[in-house]
Amino acid sequence: MPEGHTIHRIARDQTADLVGGPVHTATVQDRFADGAARVDGRTIERIEAYGKHLFQWWEDAEVLHVHLGLFGKWTRRTSPPPPPAGEMRLRLEGPAHTWDLAGAITCRLVGPAERDEVVAGLGPDPLRRDAKPERMWARLSRSRQPVGSLLMDQTVIAGIGNVYRSELLFLVGVHPTRAGRDVTRDEFDRLWAETRHQLQLGVRRNRIVTRRPEELTRSAPKARPEDALYVYHREHCRWCGSPLDVLPLAGRRTWACPVHQT
DNA sequence: CGATTATGATTAA
DNA sequence: TAATCCTAATCGC
């Protein structure tokens, strides 16, 4: 279940597994049969992630655009893979490993221009070297919207989802109901830095663990799922035990500590 | 075995 | 704001 870190990790792993040699495709869903057939046996030149979007640059300027949505999943298997299961939408078979896609909200073959259009509609992605935080600041500092909603808006910042939203605002001590324009420049700088740091950790671990390492080693070195987070989906603040605020923002629930977040 | 829920996003109302 | 699409795991009965 993906936020930006998941997609960047997939781009990295797929690059190692699939880029450079011919890739055999297959599908069991008619929906994408045409696209799969079109690139079958061809080579992937490059794979990039932008926010929650994945772009595979196939030879001859064919770009496979995949967005997992809430349910989508890439599954990595060893090649040769078992016969495809029922819900699989696309299979990419490389020499040593095969990637199966299921449940994606978007899976389509486009050209570079359409890839650029998608990217143009996204805010800066803190995991990319070319990210420009000033673009996010420009939106945030002018908006009356609550910062909890702005963080979920992919045109403001690309790659944040419901877990990171709650956790990041907790880590920088900003309450999600605060208007974007009431976030100070200093708070924004810390938010951006924390976001970059946490997403980078997420890519490395392939999992969201926002809790500070020193705390984790004390309580549970392996970070059981219930130890990984400070506020998301919790009833009480992990630091002070206060009952958390639970707010619907941008159509999803957000959790915040009324003591540590102002 | 059906209802509920989940780290997403677009479209219609 | 609500309905809708995508899928799988979990929970209550």
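Residues numbered from 1 in each chain as written. Chains lettered and ligands numbered in written order. Predicted model: local features only at pLDDT ≥ 70, side-chain atom pairs only at ≥ 80, totals over all residues. Heavy atoms only, no water.

A. Fine view of the nonpolar core. By size, the foremost hydrophobic cluster in this structure holds 28 residues, and its most contacted members are Met-136, Leu-140, Leu-151, Ile-157, Ile-160 and Phe-188. The set of elements that each furnish at least two residues to this core consists of helix H4 (133-140), helix H5 (147-150), helix H6 (162-172) and helix H7 (185-205). If we ignore the near neighbours within four places in the chain, the residues touching Ile-160 are Glu-3, Lys-52, Leu-151, Met-152, Gln-154, Arg-165, Leu-168, Thr-195 and Leu-199. In this structure, Ala-49, Leu-54, Leu-64 and Leu-92 belong to the second largest nonpolar core, which totals 24 residues. (Core = buried A, V, L, I, M, F, W, Y, C linked by side-chain atoms within 4.5 Å. Buried < 20%, exposed > 50% of the residue type's maximum accessible area, 1.4 Å probe, protein only. Helix = DSSP H or I, 4+ residues; strand = E, 2+ residues; numbered from the N terminus. Contact = heavy atoms within 4.5 Å.)

B. A look at the protein's contact with DNA strand B. Neighbouring DNA strand B are 18 residues, the closest being Met-1, Phe-71, Ile-105, Tyr-232 and Arg-253. A distance of 2.9 Å is found between a phosphate oxygen of DNA strand B and a side-chain nitrogen or oxygen belonging to Lys-52. Here the surface near DNA strand B is built from residues that sort into eight nonpolar, six polar and four charged. (Near = heavy atom within 4 Å. Polar contact = N/O pair within 3.5 Å; in protein donor to acceptor, adjacent residues only side chain to side chain. Nonpolar A, V, L, I, M, F, W, Y, C, P; charged D, E, K, R; others polar.)

C. Fine view of the side chain of His-65. By the secondary structure assignment, His-65 is in strand E4 (residues 62-67). Exposure remark for His-65: the relative accessible area of 4% places this residue in the buried category. With residues near it in sequence (within four places) discarded, His-65 still touches His-53, Leu-54, Phe-55, Thr-106, Cys-107, Arg-108, Val-110 and Val-118.

D. Quick peek at a positive patch on the surface. A contiguous patch of positive charge on the surface is contributed by Arg-12, Arg-204, Arg-205 and Arg-207. Along the chain, Arg-205 falls in helix H7. Note on Arg-205: relative accessible area 40%, which makes it partly exposed. (Patch = residues over 30% accessible without salt bridge, like charges linked within 9 Å, V, L, I, M, F, W, Y side chains within 5 Å. Areas by Shrake-Rupley, 256 points an atom, 1.4 Å probe, with all protein chains shown as cover. Salt bridge = Lys/Arg side-chain N within 4 Å of Asp/Glu carboxyl O. Lys, Arg positive; Asp, Glu negative; His and termini not counted. Charge placed at Lys NZ, Arg CZ, Asp CG, Glu CD.)

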